Amino acid sequence: MSRYARGKEPYAPKMEHVEVPESHVKLRAILFVLAILLAVVAFGYGLNSLLTPETGWKAVEASGSNSGEITLQYNYGAGAQGTAAERRQVSDVYSTALTQAEQQLSQAGNNTVSLYTVSTNPNQTVTVEPILYRALERFCATGSRAIYYGPLYSRYYALFASQYDEAAAEYDPARSSDAGAFAAQIAAFAQNPDQIDLELLGENQVRLNVGKEYLAYARENELDTLLDFGFVKNAFVIDAVADALTDAGLTGAVLTSTDGFSRSLCRGSFGVNLLEATDSGCRQAAAAAYNGPRSVAALRAFPVDSGDALRFYTYEDGTVCPPVLDETTGLLTAANDNLVLFGDGSLGDLALQAMQALSHWDLEGLSCLYSRENAVYCTDETVEVSQLFAGVTLIRE
């Protein structure tokens, strides 16, 4: 028999219909719309965070071939254009200028017209790129003759790269009579404009005039790097990159090299540490703050870490050969542990001043910071000195 009796409808529960007030329906609709809007805003904010670069000071990675010795910090968001576009432009200008400057100012042969090209074509007119021509203009305007010590720089690079004292001594004029005679001969040629001199002819044309005596000596000794920016090369590279950034209207920049050279193109407060040698290594004698835009050349006569391995040589007896050239003798000479110079304009010019000042300890008229005998000396009243090491006295001159 069927569960249900014939003629009767199946059982169904009683349904009650409750009417929702119209005001509640509107409220639910409003909340639903607000929820959708909130989701859209949150999604848009998240997407924007992913696609829009952060503003403020950021490190800029250079693409292309470069030494890794120059770094750029840039203050994004200060310009009129969007941050993403600004980032692309800064990266492009920086990478291109850095690659070109390092290649053109190189004393080694490469596929571009470089300082090596000028060195290996004496007594001939060579057309160079604007970056190299501008760097040579700056160098020659200082009156320095350091660029003509190319053959001696090559010996010093080999000295710094030496693994043992015996090998290092072969290149050291202070420990080898042959190395001393070579240094004296190169210094004599370098100081004599009749034997070697650069002539800037305009329109990016350069001529390296070399006398018969030096030309014969160079051929006899197989010398081809007659010119070299030497220990201040990175300062001139920074100048070239700074020029490119400035020409593009990108001035929120601070350029720094691993060997102590720095140039800020914008306003702001920047810092530099003053290190000094100790019996056990080194210590920070003080910290200094200065206002940009400004150029800074911070030299020291002792290594600090493994990054200095190819810039110094330390003998087992503790004697240190520093990358400080005395232009008058061609010898590696530093009259103090440290020296920081502050200046405006060309960093290359300032670097040459610092090199000469540290080798001869002539600080007349220079804005500088240094330490000696448990005292820190500062001759620039605009530089703030702080964090003095315990027992170190600050003296303003």
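For the structure itself, consult the block above.
Residues numbered from 1 in each chain as written. Predicted model: local features only at pLDDT ≥ 70, side-chain atom pairs only at ≥ 80, totals over all residues. Heavy atoms only, no water.

### With respect to the nonpolar core
Judged by nonpolar contacts, the single largest core of 91 residues is most densely connected at Leu159, Leu198, Leu208, Phe229, Leu245 and Leu255. With near-sequence residues (within four places) excluded, Leu159 lies in contact with Ala168, Tyr171, Asp172, Tyr313, Tyr315, Cys321 and Leu332. Formed by 19 residues, the second largest nonpolar core is a distinct cluster that contains Val254, Tyr290, Phe342 and Val392. (Core = buried A, V, L, I, M, F, W, Y, C linked by side-chain atoms within 4.5 Å. Buried < 20%, exposed > 50% of the residue type's maximum accessible area, 1.4 Å probe, protein only. Contact = heavy atoms within 4.5 Å.)

### Thoughts on the side chain of Glu276
Here Glu276 shows up in strand 7 (residues 261-278). In terms of polar contacts, Glu276 uses its side chain to reach the side chain of Arg283, at 2.5 Å. (Helix = DSSP H or I, 4+ residues; strand = E, 2+ residues; numbered from the N terminus. Polar contact = N/O pair within 3.5 Å; in protein donor to acceptor, adjacent residues only side chain to side chain.)

### Considerations on the pattern of salt bridges
A complete count under the given rule lists 10 salt bridges for this structure. For Arg263, the salt bridge is made with Asp239, and the minimal N-O distance between the two is 2.7 Å. In this pair, Arg263 is assigned in strand 7 and Asp239 in helix 9 (residues 233-247), connecting sequence segments 24 residues apart. Overall, Arg263 belongs to the buried group, its relative accessible area being 14%. Of the residues examined, Asp239 reaches a relative accessible area of 0% and is grouped as buried. (Salt bridge = Lys/Arg side-chain N within 4 Å of Asp/Glu carboxyl O.)

### Overview of the environment of Gly109
In this structure, Gly109 sits in the loop between helix 2 (83-104) and helix 3 (115-119). Each C-alpha atom, one on Gly109 and one on Thr225, is 9.6 Å from the other, the two residues being 116 residues apart in sequence.

### Looking at helix 4 (residues 130-142)
Helical periodicity: at 3.6 residues per turn, an α-helix aligns residues three or four positions apart in one direction. The terminal C-alpha atoms of helix 4, which comprises 13 residues, lie 19 Å apart, in line with the 18 Å expected from a rise of 1.5 Å per residue. Of the residues making up helix 4, those classed as buried are Ile131, Leu132, Tyr133, Ala135, Leu136, Arg138 and Phe139. Packing partners of the buried residues in helix 4 comprise helix 2, helix 3, strand 4 (196-202), strand 5 (205-210), helix 9 and helix 10 (347-360). Gly143 occupies a position one or two residues after helix 4 and carries a positive phi of about 85 degrees. (Expected span 1.5 Å × (residues − 1).)

### Examining the packing of aromatic side chains
All chains considered together, the criterion is met by 16 aromatic pairs. Taking the centre distance of 5.2 Å and the plane angle of 50 degrees together, the rings of Tyr74 and Tyr76 count as tilted. In this structure Tyr74 comes out as buried when scored by relative accessible area, which is 3%. With a centroid separation of 6.1 Å and 40 degrees between ring planes, the pair formed by Phe270 and Tyr290 is classed as tilted. Of this pair, Phe270 sits in strand 7 while Tyr290 sits in strand 8 (residues 281-300), placing them 20 residues apart in sequence. Judged on exposure class, the residue Phe270 and its partner Tyr290 are both buried. (Phe/Tyr/Trp six-rings, centres within 6.5 Å; stacked < 30°, edge-to-face > 60°.)

### A look at the pairing of strand 2 (residues 70-76)
Burial along strand 2 is one-sided: Ile70, Leu72, Tyr74 and Tyr76 are buried, while Thr71, Gln73 and Asn75, pointing the other way, are not. Pairing analysis gives 5 bridges linking strand 1 (residues 56-60) to strand 2, with the strands arranged antiparallel. Directly across from Lys58, in strand 2, lies its bridge partner Tyr74. Of the pairings in the sheet, the one linking strand 2 to strand 6 (residues 253-257) comprises 5 bridges and is antiparallel in character. Bridged to Thr71 within strand 6 is Thr256. (Pairing = 2+ DSSP bridges.)

### Regarding the sheet that holds strand 5
Taking strand neighbours across the sheet as the criterion, the 3 strands line up as 3-5-4 in an open arrangement whose pairing is antiparallel. The open sheet has two edge strands with one neighbour each: strand 3 (125-127) and strand 4. If you compare each strand with its neighbour and ignore which way they point, the axes differ by 25 degrees on average. Sheet topology note: the strand 4/strand 5 ladder contains 6 bridges and is antiparallel. Counted as the bridge partner of Leu200 is Val206 from strand 5. Taken strand by strand, helix 4 contacts strand 4 and strand 5, and its axis lies near 125 degrees from that of strand 4. (Axes fitted to C-alpha atoms, helices over the stretch in contact; angles between N-to-C directions.)

### Quick look at the packing of helix 5 (residues 150-160) against helix 7 (residues 177-190)
Helix 7 packs onto helix 5 with a crossing angle of 150 degrees between their chain directions and a minimal axis gap of 9 Å. Taken as axis vectors, helix 5 and helix 7 run roughly antiparallel relative to one another. Counting all contacts with helix 5, which are made through Pro151, Leu152 and Arg155, the residues of helix 7 involved are Phe182, Ala183 and Ile186. For the contact of helix 5 with helix 7, a count of residues per class yields 5 nonpolar, no polar and 1 charged. (Parallel < 35°, antiparallel > 145°, perpendicular 65-115°, else oblique. Nonpolar A, V, L, I, M, F, W, Y, C, P; charged D, E, K, R; others polar.)

### Side note on the side chain of Ser95
Mapped onto the secondary structure, Ser95 falls in helix 2. Setting aside residues up to four positions removed in sequence, Ser95 forms contacts with Glu61, Ala62 and Ser63.

### Considerations on the packing of helix 7 against helix 8 (residues 212-220)
Helix-helix packing is characterised by the crossing angle of the two axes and by the distance between the axes. Between helix 7 and helix 8, the least distance of the axes is 11 Å, while the angle of their chain directions is 145 degrees. Crossing of helix 7 over helix 8 shows left-handed handedness. Note on element contacts: helix 8 touches helix 7 through Glu213, Tyr214 and Tyr217, opposite Phe182, Gln185, Ile186 and Phe189. Residues that form the contact of helix 7 with helix 8 fall into these classes: 5 nonpolar, 1 polar and 1 charged. (Left-handed = near helix turned anticlockwise from the far one by under 90°.)

### Structural notes on the environment of Val118
The residue Val118 is located in helix 3 in this model. In this structure Val118 touches Val126, Val128, Leu198, Val206, Leu208 and Leu227, once residues within four positions along its chain are discounted.

### Brief notes about unusual backbone geometry
A cis amide bond, omega 0 degrees, links Gly292 with the succeeding residue Pro293. Within the fold, Pro293 resides in strand 8. The backbone of Glu373 sits at a positive phi, close to 50 degrees, despite the residue not being glycine. Inspection of the secondary structure puts Glu373 in the loop between strand 12 (367-372) and strand 13 (375-378). The exposure class of Glu373 is exposed, given its relative accessible area of 79%. One non-glycine residue, Gln387, lies in the positive phi region at around 50 degrees. Topologically, Gln387 is positioned in the loop between strand 14 (384-386) and strand 15 (393-396).

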